[in-house]
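Fold and geometry: a report
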Amino acid sequence: VKPIVFLDRDGTILVEPTDDFRIKSFDRFEFMPNVIEALKKIQSLNIYHFVLVTNQDGLGSDTYPLEHFEPFQEKMLQVLASNGISFLGIHIDVSTVQDNKNTRKPGIGMLSNYIDNQDMFNIKNSIVIGDSKTDIQLAKNLGCASILIENEHNTESYSSFTEDEEKAIIFRSNSWEKIREFIVDLHHI
Ligand SMILES: [Mg+2]
């Protein structure tokens, strides 16, 4: 029964563009500093499953066609796989805020397979890692902990965490190196 590291994608694994937030060309494709090394180390602990959870507002529509997503998603998975990093599940919500769907983070609609099978997955000891308020709220909704990647472009939203959300945050940093150390230390390795 392993816990899960639920990973956000944009602003967490890949650098999020600051104009329209979309990685839609290869000149906008960039891994976060030290993320590959960190994920490699965390996966090598053999403690956690990795699950990717990302909101991609309106993906597949005219304004956000699949060609603006798939080549870069594929490239990311390829690079990660070549470093021995793999995901048990990849969950992509394509709805928008207006759709008001439970599949969209912080909703847990995409994650029922894990929640409903807690004889197989240790949700309580799982960790959501992300750079947005929605990631922290996702952790709260799952009943697990969270690690906040402090993205300088999101700082304003961090000041509005509720007490419960703050409580769910076990570590915050802008450095994947520090996050790696924190998770390793968590297990006294
Ligand atoms: Mg993000």
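Everything quoted here is computed from the prediction, not taken from an experiment. (Residues numbered from 1 in each chain as written. Predicted model: local features only at pLDDT ≥ 70, side-chain atom pairs only at ≥ 80, totals over all residues. Heavy atoms only, no water.)

Here we look at the overall build of the protein chain
Which entries qualify depends on this criterion: By the criteria applied, helices consist of DSSP H or I runs no shorter than four residues and strands consist of E runs no shorter than two, each listed in order from the N terminus. Surface exposure here means Shrake-Rupley accessible area, sampled with a 1.4 Å probe, where a residue is shielded only by the protein chains that are shown.
Scanning the protein chain for helices and strands turns up 7 helices and 6 strands. Starting at the N terminus and walking to the C terminus, you meet the elements of the protein chain as β-α-β-α-β-α-β-α-β-α-α-β-α. For the protein chain, the C-alpha atoms occupy an extent of roughly 45 × 35 × 35 Å along the three principal directions. Accessible surface for the protein chain amounts to roughly 9,400 Å². Of this, 48% is attributable to carbon and sulfur atoms.

Observations concerning helix α7 (residues 176–186)
Along an α-helix, a turn takes 3.6 residues, which lines up residues three or four apart on a common side. Quick note on the threshold: Here's how the labels work: a residue is buried when its accessible area is under 20% of the maximum for its type, exposed when over 50%, partly exposed in between, all with a 1.4 Å probe on protein chains only. Note on contacts: a residue pair qualifies if any of its non-hydrogen atoms lie within 4.5 Å across the two residues. In protein, a polar contact means a hydrogen-donor-capable atom and an acceptor-capable atom, both N or O and within 3.5 Å, with residues adjacent in sequence counting only if both atoms are side-chain atoms; elsewhere, any N or O pair within 3.5 Å suffices.
By the burial criterion, the buried members of α7 are W176, I179, F182, I183 and V184. Tucked into the core, α7 has its buried residues touching β1 (2–7), α1 (35–44), β4 (121–130), β5 (145–149) and β6 (169–173). You can read the cap of α7 off the contacts: a side-chain oxygen lies 3.2 Å from the backbone nitrogen of E177, and it is on S175. Once α7 finishes, H188 follows within two positions and takes phi at roughly 50 degrees, a positive value.

Re α1
Our working rule: Working note: the arc is built from the helix axis to C-beta atom directions.
Within α1 the residues assigned to the buried category are V35, I36, A38, L39, I42 and Q43. Looking straight down α1, one finds that the buried residues subtend no more than 160 degrees of arc, so they occupy a single side. Residues of α1 that are buried in the fold lie against β1, β2 (49–55), α2 (70–82) and α7.

Brief notes about the coordination of the magnesium ion
In plain terms, the rule: Counted as donors are N, O and S atoms no farther than 2.8 Å from the metal, or 3.2 Å for Na, K and Ca; water is not among the atoms, and sites may therefore look incomplete.
Around the magnesium ion, the protein supplies D8 (OD), D10 (O) and D131 (OD) as donor atoms, at distances of 2.1 Å. Of the residues examined, D131 reaches a relative accessible area of 0% and is grouped as buried.

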